[in-house]
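Residues per chain are reported as follows:
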Amino acid sequence: MTDATFPSDAARIATADLPRNPAQRALALNREMDAVWSNDRGLWGQITSVSHTTLGLRFMATAFVFFAIGGILSMLIRAQLATPDGAFLDTELYNQIFTMHGSIMMFLFAIPMLEGLAIWLLPKILGTRDMAFPRLTALGYWCYLFGGLIMLTALLFGVAPRDGWFMYTPLSSATYSPGINADVWLLGVTFVEISAVAAAVEITVTILRQRAPGMKLTEMPLFAWYMLGTSVMMLVGFPPLIAGSVLLELERAFGWPFFDPERGGDPLLWQHLFWLFGHPEVYIIFLPAAGAMSTIIPILCRTRILGYGAIVAAILGLVFLSFGLWVHHMFTVGIPHMALAFFSAASVLVAVPTAVQVFAWIGTMWKGRPELHLPMYHILGFFLTFVMGGLTGVMLAIVPFNWQAHDTAFVTAHLHYVLIGGFVFPMMAAITYWMPLITGRTRVRGLGEAAFWIILIGFHGTFFIMHLTGLMGMPRRIDVYPDNPEWIWLNLTSSIFGFAMTIGFAMFALDMLLQMTLGMRARRDPWRATTLDWAMPLPAPNFNFASQPTARHLDRPADEVMLALARGEGVLPGAPRGRREFLVTSVGAARPDHVALLPGNTALPFVLSGSIGVFVLLMLAGLYALAGAALIPVAVLIWVWARGLAPRGALDGIEVAPGLTLTVHHHARQSLGQSGLMALLVANGALFASVLFGLAFLSVVTQGPPAPLAMMDTTRALWTMVVVAGALLLGMGAVRGEAPIWALTGLLANSVALIALLAGLLPVLDDPTAHARDALRAVMAGYVGLHVLVACGMAAFVLDQHRRSEIDKLARGAWPHWRLWQDFTTVTTLVTIIALIAQQGAA
Amino acid sequence: MKWLGAMLAGPTLWAVVFVVVYAAHGIICADGLSPSGTSQTARITLMGLWCLGLLAFWPLFRAVPQGVGLRAQLPRAGLWIGLVATVFTLFPVVITSSCQL
Amino acid sequence: MKRMLLILPMVVAGCGGPLSTLAPSGPVAADIAWLWWAMFAGSAVITLFVLVLLVLSLGQPRETAARRWTHGLGLGFSFVVLSLVLGAGLVVGERILPRDDGAVTVRAHAYQWGWQFSHDGPEGAPVESTDLLHIPAGQPVDVLITSEDVIHSFWVPRLAGKLDAIPGRTNRLRLMADHPGTYAGLCAEFCGSGHARMRFEVRAHAEWPPELSEGPND
C-alpha cells in the first residue's frame, strides 16, 4: 500500500502508533461498561433495547420464524401439487399461499436476515461498539415486526395478497382485485421496507466512519466491502419498489390511473419499477452471503483470502451491473429484440464477477488446508448448488430460451437454486460459524451434519427435476393439472423430497436450540481467527469491546487481542463518563476523528413505529382522512426523536489515548448524522428518479389514448412555480447564514413556498383521476410539497435550538442537516419544474 | 477520498451510456421512425451514441492515477469494468434488429 | 458431444408430452430446443469441472498463483464461455423474429379466462373461434396477441416461445407448425383464479383457409 500519490495523508497522524492506554483490571472495566451498555431488565428491557447485539440477533431470530412459516406454506403448495387433481386447497387459498410464500421468503426472511447479520456482526468485525444510529436499528426492527404481523394476520383471516409476489397490475388493480388483499401487500411491504432503508443508511455510515483506527478501507475485512456494496444497492434499489407501491396504492385507493391503459397509464410501468428493485434485490441477498463466505473460508482453511483486490473489483462490478439487467424478467412482454439484447448481454456479463469470486474462493481452498467443520459442509453445499443455479441463470439470460422457460417451473427451480444455494447455505454456514459467539456454547456433535445431508439431498431432489418439469411445459402458479399425466411423477418426487428438506431444516433448528440450552461452554476464539469479531468474551457483550482496537490489534490472533482490549489498552477505555461512547474515524485511512455520544435505552422507536403502524392500519381500513390525521403524532414523535439528540452534560474533549484528545460529535466538522442524512438523500434521490422515470416512460413509450385537453390555468401554474423556486433559492441562501435571523428567513421562505403550492397550484391542478399525466403531476407536486414541509420543520427546529442556546461557535446544531435537506429540496424542485415544462412542451 | 470516487467513475459512465442508448432506442422505436426494424438512420444514431460513450472513456484512462496498491488499482479496475461493460452490453446495436419485436 | 447426440433421442422420448418444449414440432421451437441441449451439455461439463476443483482442494496446502484463479478462470474462462452462449442466443433470436414476409396473420385475444381467436376465412372475413386457433401447417404464422383485462401469456410450447397479452398493447409472435395436427397451448402468466384452466388448442391445417365443418365457433 503506497501513499505516494496522496502525500497529505502521510502527514497526518500515523494511526499505527496510537499510544497504548494503561492496563486496568479487566473485570472492573467490564462491570463499568455493563452498567452503561446493558439492556433494561425483563420484557421492558427488550422493548427499550437499542443494542445492535440484541437487535441483530432478534432480527435473525424473527427472520428464522418467518422462514419456518414460509416453509410451511411451501409444504402446503407441494401437498397440493403432489397429485394432479389436488383437492387439498381451493384455488383462492392456493393463490394466497404461493403469494405469501414468495413475499414472506423475500421480504420477511431474506432481507431481514441479512440486515440482522450485518447489524449484529459489522460493529464486531470493524472494532466498534454499536451501529451508527442505535435508535434507528430499533425503529427498523419494530417496523419489520409490525409489518410482518399485519401480513400474517391477513393470511389468518383469509384476506392475504393473492396476485403473486410481484403483484402484476392490472391483476392487482382495484378492478380485478377488489378487497384489501393487494393493499395488505402494498402497505405491509412498504412498512417493512422502512427497516431496509434504515438498515442501509446505518450500514453505510458504520462501515465508512466507524472502523477501528488504522483499518484502512483498502484493508478492511471483505465482509465490510460486501456489506458496503449491499447497502449502497439497497439505498438505490429499494426506492423504485417504494415508488411503485405508493403509485399503485394511490391508484387503488383514489383512482389515480398510473397503470391503467385506458387512461394513459401502462401496466408495464409497474413491471419496470418492480424489477428495477427486483433484480438488484437478488444481489442484495447474495452479497452478504458471499461476504460471510469470504470471511469463513480463509479462516477454516488456515490461510488468507486469495485475490482480495479482485474480489473488491468484482463487488464493484456486481453493484453496478446488477442494475442493468432488470428487463430480463420482462423478455416476453413484447420489447424490441435490440433492447432485449442489451439486457441479455448485461445479464450474461454479470456472471463474470460472480465467477471471479467463486474461483477466488476455490483458489483459497487450494492455497490452504480446508478443515471439514460443520460450516465448511454448508460452504460445500453452497458451491454445488449455487454453481448450478448460476448456470441456469445464464441460460435464462439467453432471450430465445427465456421465451420458452419463462413463467415455468424451470424458473422456480432456478430461483430456488440461486436463493437457497446463494443465500440459505451460506447463512447456515454463517450461523454455525458464529453460534459460539452468540451463545458462548459449543454444539452437540452429529445432529448438524445429519441436518446438512438431509437438507442437501432434499433440496436437490425437490428442485433438480423441477427444471425438467418446466421444460415439459408446466407453468408456475397452477394448482391442478388433470390433463397432464406426464407431470405426475415429477411433481410427486418434488413433493416427497420437499418434505425431506423440511425435516432437515427442522433438525437444523433443533440443533441450534440444543446448542443454546445444552451446549458446553465454548473456549474463546474457537476457530483461531484473526478478525476482531472473535476478540471479545463469549457470549459477546452488548458493548463488544471494553476498549476499542487500533492498528496494532488488526490481523492478529483474536485471543491475544481480546486480553489487551479487555484490560483497556485500546482507545476510549471503559465508560468513565457514564454514557455510551465510541470512536468515529475518517472514511479512507480511518484516522481518529471524534467521539460520538450515543442515546441509551428508550421506548421511542417502539412508539414511533407503532404510530406508523396505526397510519398503515387506517389506510388498510380505507379511513383515509383519519390516516392523514395519524401522521400528526408521527411528525411529533420525529421532533421528539430529534430533540433526543440535544447535548446533555459536559461537551469537553475526551482523551481517547495518552496525548490524543478528540472533540465530541456536537463539535465535529462532519458528524455521523450528516453522513447518515447524505445516505438517506441518496435513497430519496433514487425515489425521485423513479418518479421521473415514470413520467418519461408514460410520456414517451406508452401509446395510450391522448390526454384530455389540460384545463389547467398554465399561466397561474407557471407563476406559482416561479414563486416556489424563488422562495426555495432564498431558503438555500439563508441556510448558509447560520444565525438566528437567517433561520427565521429560511423558515419564512419555505413557508411562502408551501403556501404558494397550496394556494396557487393545488386549486388549478387537473383532476388526477382523469389521466395518468395529471396523476403524475399531482404526485410530483405532492413530492415537492412534502419536502418543503419538512424543510419548514427543520428551519423551525434550528430556530428552537437557537432559542434554547444550544448553538454556539463550536456546536452547529442542526444547521448542517437542514442545509443538506434544503439544497436537495431546491434542486429536486427545480428539476421537477423543468421536467413538467418539458412534458407540457412535448405534448 | 478521491480514489473512492475515481473507482466509481468507470461503472458510472457505463450506466450513463447504457441508459442513454436504451432511452434513445425507446424514443426511436416509440416514434415509429423505424417501423420495419431495419432503418439505417436509427442504427447509425444508436451506434453514434455508443461510440461517443466509448470515446468518453479515453480522458478517464488518461486521468486515472498510475501506481501500485489498491488505491490506484481499484480506480483502474473500475475503468476496465466500465469499458468492457459498455462494449459488451451495447454491441447489439451493430447486429440486432432495432425495433422488431 | 458425440455421445450426447446418441443419447439425445432417448432422452427426448422421455421428455415428451403435449406441452413439452423438448418435443418441438416447428422450426422456432426446434431452434430453441437445440439451444437448450447445447447449454445443458456445457453446464454439465462446467459443473463437473468446478466439483473436481473443489475435491482437489481438500488436501494439503499448496502454492498457487492468485491470478490463475481470479484472472485465468474468473475472467478469461467465464468470458469466453459466456460470449459464445450470448452469440448463439442472439443468432437464434434474430432467426426466429417475425419479419415482413407476408406470413399469415391470425389474432389471439385473451380474457379472464379464455381465448378468442380469429383468422381470415375463405372470403377474407374473419372467422372467430373460442379456445381453438386455426393456422396453416408448413408455413410461418404471425399471431397478434391482445388482452381484454389483465396480463395473460400466449404459449404453445411445441411451436414457439411465449409472448404476453397485455391490455393496451398488441404483440406479434412468429410460430410455425411443420405438420398438420393439434398442438396444446396455455396461458403462462398468472391471471387470477381461472389461470390453471386457461388452456387452448392450435390446429394446423394442410389447406388454408380451412374448411371448418364444425362451424365457426367450435
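See the structure printed just above.
Please read all numbers here as calculations on a predicted model, not as lab measurements.

If you tally the helices and strands in chain C, you get 3 helices and 10 strands. Along the chain direction, N to C, the helices and strands of chain C fall in the order α-α-α-β-β-β-β-β-β-β-β-β-β. In terms of overall dimensions, chain C is more spread out than a globule: its C-alpha atoms have a radius of gyration of 22 Å, far above the 17 Å expected for 218 residues. Summarising its shape, the C-alpha atoms of chain C cover approximately 80 × 40 × 35 Å along the three principal directions.

Turning our eyes to something else, we now look at the sheet that holds strand E9 (residues 181–187) of chain C. Residue and element names in this part refer to chain C. The strand order across the open sheet built from 5 strands is E4-E10-E9-E6-E7, with neighbouring strands paired in mixed fashion. Edge positions in the open sheet fall to strand E4 (132–136) and strand E7 (163–165), since each of these has one partner strand only. Direction aside, neighbouring strands of the sheet carry axes that sit 30° apart on average. Taken together, the 2 bridges between strand E6 (residues 152–155) and E9 define a ladder with antiparallel strand orientation.

The next subject is the interface of chain A and chain C. Facing 80 residues of chain A, the contacting portion of chain C comprises 77 residues. Taken together, both faces of the contact between chain A and chain C bury some 6400 Å²; the carbon and sulfur share is 73%. Considering only the surface of chain A that becomes buried against chain C, A:Phe359, A:Trp366 and A:Gln404 emerge as the three largest contributors, covering 14% of it. Remark: the boundary between chain A and chain C carries 1 salt bridge. Between A:Asp266 and C:Arg169 there is a salt bridge, and its shortest N-O distance comes to 2.4 Å. Across the chain A-chain C interface, the total number found is 14 residue pairs in polar contact (both at pLDDT 80 or more). Listed by contribution, the elements that provide at least two residues to the side of chain A that touches chain C are helix H5 (91–126), helix H9 (267–300), helix H11 (337–349), helix H12 (351–367), helix H13 (374–397), helix H14 (399–405) and helix H16 (447–471) of chain A.

The next thing to look at is a nonpolar patch on the surface. On the surface, A:Ile741, A:Trp742, A:Leu744 and A:Leu748 cluster together into a nonpolar patch covering about 400 Å² of accessible area. By the element assignment, A:Leu744 lies in helix H23 (residues 740–761).

Bringing the side chain of A:Ser294 into the picture now. Residues and elements named next belong to chain A. Along the chain, serine 294 falls in helix H9. Of the residues examined, serine 294 reaches a relative accessible area of 4% and is grouped as buried. Of note is the side chain of serine 294, whose polar atom sits 2.8 Å from the side chain of tryptophan 361. The contact partners of serine 294, leaving out residues within four places of it in the chain, are Leu222, Tyr226, Ile305 and Trp361.

This next bit is on the sheet that holds strand E2 (residues 114–120) of chain C. All names here are of chain C. An order of E3-E2-E1-E5-E8 is seen for the 5 strands of this open sheet, with the pairing classed as mixed. In this open sheet, the two strands that pair with only one neighbour each are strand E3 (126–130) and strand E8 (171–175). Strand-to-strand, the axes of this sheet are offset by a mean angle of 25°, without reference to chain direction. Across 5 bridges, E2 lies against E3 in antiparallel orientation. Looking across to E3, one finds that phenylalanine 117 is bridged to serine 129.

As a further point, take the interface of chain B and chain C. Listed per partner, the contact involves 10 residues of chain B and 12 residues of chain C. Each partner contributes to the roughly 890 Å² buried at the junction of chain B and chain C, and carbon and sulfur atoms together form 65% of this total. Linking chain B with chain C are 0 salt bridges. Taken together, the elements giving at least two residues each to the side of chain B that touches chain C come down to helix H4 (70–90) and helix H5 (92–95) of chain B. Classifying every residue of the side of chain B that touches chain C by side-chain character gives 6 nonpolar, 4 polar and no charged.

Moving on to helix H8 (residues 222–254) of chain A. Residue and element names in this part refer to chain A. In a regular helix each residue adds 1.5 Å, so 33 residues correspond to 48 Å; H8 covers 47 Å between its end C-alpha atoms and thus fits that length. Its axis deflected by about 30° at methionine 234, H8 carries its strongest bend there. Residue glycine 255 follows H8 closely and has a positive phi angle near 75°.

A separate point is helix H15 (residues 409–439) of chain A. By the largest-angle criterion, A:Tyr433 marks the main kink of H15(A), which is about 40°, and a proline, A:Pro436, follows within four residues. Positioned one or two residues after H15(A), A:Gly440 has a phi angle of 75°, which is positive.

Conventions and cut-offs
Residues numbered from 1 in each chain as written. Chains lettered and ligands numbered in written order. Predicted model: local features only at pLDDT ≥ 70, side-chain atom pairs only at ≥ 80, totals over all residues. Heavy atoms only, no water. Helix = DSSP H or I, 4+ residues; strand = E, 2+ residues; numbered from the N terminus. Rg over C-alpha atoms; globule rule 2.2 N^0.38 Å. Pairing = 2+ DSSP bridges. Axes fitted to C-alpha atoms, helices over the stretch in contact; angles between N-to-C directions. Contact = heavy atoms within 4.5 Å. Buried area = accessible area lost by both parts, 1.4 Å probe. Salt bridge = Lys/Arg side-chain N within 4 Å of Asp/Glu carboxyl O. Polar contact = N/O pair within 3.5 Å; in protein donor to acceptor, adjacent residues only side chain to side chain. Patch = residues over 30% accessible without salt bridge, like charges linked within 9 Å, V, L, I, M, F, W, Y side chains within 5 Å. Areas by Shrake-Rupley, 256 points an atom, 1.4 Å probe, with all protein chains shown as cover. Buried < 20%, exposed > 50% of the residue type's maximum accessible area, 1.4 Å probe, protein only. Nonpolar A, V, L, I, M, F, W, Y, C, P; charged D, E, K, R; others polar. Expected span 1.5 Å × (residues − 1). Bend = angle between axes of the 7 residues up to and from the residue.

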